[in-house]
Amino acid sequence: MKQLFPMTLGLWVVCGLFLFGCRKEKVETPPEKSPVESVDETQEKKESDTETEKEEDTSNEQEGTMEESGKESDVFRALTNGVLRGEKEIAVGEFHIPTDKADSVYHAFLHSHPLLFHLKVGGNIGYRVDLEHPEYLAAFLPQYAVLPTALPDIYPRLEESIESFYALLDHRMSPAEIAYTLYQKVCQEVVYGERNEDFPNLAYASFSALGVFLTHKAVCQGYSLSYALLMNGLGIPTDYVTGAIAGTSGHAWNRIYLEGNWYHADATFDDASTYKMFGTESINKYFLCSDNLFYTAFDHPKPHLNLPERIYVPSGNKFDSEKCVVRRYNAKGEVIKTEARYADGYWYYQAPRDGKKQILKSDFCGQQAQVIRQLQMPSVIEDVDRMQYTRDRIYFIDYLNDNYFICSMDYDGKDFRQEKKISYIDAVSPKLKLSQDTSTPVPVCKGVIALKAETMLARLRLLYCHGNDDYFELSQPQAKELEALVKEAERLLEKPMDEVQADGLAKEMRAKRKAYSVPCSVRL
């Protein structure tokens, strides 16, 4: 039987709740693990800010959630199996859960299973009391972000979408580079929006991770939940944070734990499509920021005052340096470089210097940045700093001999070519294609990072596809084989692992996952 997480809200101080449900990934261990806090959904705007804060206060209780009954594991088991089957009511009368602990118990359950993407994390909690003993609960009425009956159709597409995110990762990337790559992808894939009219079964998916992965339309809640799912799935602790914005139902963003410090990230505010900046994925203003940049220089909203203590732990400032490739805006709010792109172990971007523009090749923190092309383009000319990165070449615009040209070079700054002369109108047009070559740099996702990604995807498959089995006692041969590989990967990843060995196990796990045919567990 799988080991269940203790249910008391003391789980907030349990270290390392990463990946799926009760599993732990020992990559980095922050001081404490905060749960997912909810933010009211737009369709529930009639609920006041006071009600929102009351919900969070209830979630923030520290003692006595279920300690009297001694049946924490059994409650978690019942809730897990119930929501995976899509049950409208999950009987819990036998556990004698006090009615006034309903919110705390259900939120604790949600926090222990961050990959249950089909559940709502905001809004009211549904439950029914025992009529003979109204001081106890009879059943929980789970709130679903998508109709459970749609899961058999939705799940394969969700898994394929998550695969496309992880396929962008390279075995040479540091955790910070992985964080940035996934962040760019979230901003690229999504436009801000509430209702998805084109997807009847996913009308309100924008309030969940499904909005990012399936409909490509989301609000702040969807941006933040999807990013947390991707990051935690790889063992990089990422919290979901809520705060208030006057005149709205609230806002959500993330905090990321890297190299012993927390950093802020707000994909909603950083999505370039929000500002109609075509050709750019992320404006990179609110990513990996210190407290000073995030809250003071950029005037970002503050978190609610009653969240877990670690939300208020002072941040690091390692990535505040203007040399860092993600720092597109300085503390004055001025743009100082283009969006950086990854290719073959380095980051590339364009920046002004001494009145001209230049193209740089750099490590992530900018300590070994080098100019690979000094342009003649005056830095005062705007909207001409677009870059196109193909598999083998970089395309850009330069101003040579009083004319504008589309130019190209390889990734070492060599083999320079004047591809085509263009007009100024063409140069500043967002519709201009610098090259007809649609290829992109090819990352090499192998070794440890590939194994972490495959382990996450395998856990997700086991969670949602185990037929009629109890999730905690799998009996299907395919499920048992895949579960055994997951356990082996968990054991090996606890220590530094050989890249070749990790890659071999990742390929074996992928083959098992692709051949897996155990059906979805929802009872239709």
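Look above for the structure.
All of these numbers come straight from a predicted model, not from anything done at the bench.

Draft legend 1. Layout of the pattern of salt bridges. Considering all chains together, one arrives at 25 salt bridges under this definition. Of the charged contacts in the structure, one is a salt bridge between arginine 353 and aspartate 354, with a shortest N-O distance of 3.9 Å. Each member of the pair, arginine 353 together with aspartate 354, is exposed. Linking glutamate 490 and arginine 459 is a salt bridge whose minimum nitrogen-to-oxygen distance equals 1.9 Å. Of this pair, glutamate 490 sits in helix 12 (residues 477-493) while arginine 459 is found in helix 11 (residues 447-464), placing the two residues 31 residues apart along the sequence. Judged by its relative accessible area of 3%, arginine 459 falls in the buried class. One connected set of salt bridges, linked through shared partners, spans Glu159, Glu163, Glu454, Arg461, Arg510, Arg513 and Lys514.

Draft legend 2. Main features of the packing of helix 11 against helix 13 (residues 499-515). Packing of helix 11 against helix 13 leaves a shortest axis separation of 8 Å and a crossing angle of 25°. Taken together, the axis directions place helix 11 and helix 13 in an arrangement best described as roughly parallel. Of the two possible hands of crossing, helix 11 and helix 13 adopt the one that is left-handed. Residues Gly447, Val448, Ala450, Leu451, Glu454, Thr455, Leu457, Ala458 and Arg461 of helix 11 touch helix 13, and the partners they reach there are Glu499, Ala502, Asp503, Leu505, Ala506, Met509, Arg510 and Arg513.

Draft legend 3. Region of interest: the sheet that holds strand 3 (residues 137-141). Judged by pairing direction, the sheet is antiparallel, and its three strands sit side by side in the order 1-3-2 without closing on themselves. Every other strand in the sheet has two partners, leaving strand 1 (90-91) and strand 2 (126-129) as the edge strands with one partner each. By the bridge criterion, four bridges tie strand 2 to strand 3 in an arrangement that is antiparallel. Residue arginine 128 lies in a different strand from strand 3, and its bridge partner there is alanine 139. Along the sheet face, helix 3 (residues 102-112) touches strand 2 and strand 3 and points at about 45° away from the line of strand 3.

Draft legend 4. Representation of the packing of aromatic side chains within the structure. Scanning all chains against the criterion turns up 26 aromatic pairs. Taking the centre distance of 5.2 Å and the plane angle of 40° together, the rings of tyrosine 180 and tryptophan 347 count as tilted. With tyrosine 180 in helix 5 (residues 175-189) and tryptophan 347 in strand 11 (residues 346-353), the pair connects residues that are 167 residues apart, well separated along the chain. When its relative accessible area of 0% is taken as the criterion, tyrosine 180 is described as buried. Using a relative accessible area of 0% as the deciding quantity, one classes tryptophan 347 as buried.

Conventions adopted
Residues numbered from 1 in each chain as written. Predicted model: local features only at pLDDT ≥ 70, side-chain atom pairs only at ≥ 80, totals over all residues. Heavy atoms only, no water. Salt bridge = Lys/Arg side-chain N within 4 Å of Asp/Glu carboxyl O. Buried < 20%, exposed > 50% of the residue type's maximum accessible area, 1.4 Å probe, protein only. Helix = DSSP H or I, 4+ residues; strand = E, 2+ residues; numbered from the N terminus. Axes fitted to C-alpha atoms, helices over the stretch in contact; angles between N-to-C directions. Parallel < 35°, antiparallel > 145°, perpendicular 65-115°, else oblique. Left-handed = near helix turned anticlockwise from the far one by under 90°. Contact = heavy atoms within 4.5 Å. Pairing = 2+ DSSP bridges. Phe/Tyr/Trp six-rings, centres within 6.5 Å; stacked < 30°, edge-to-face > 60°.

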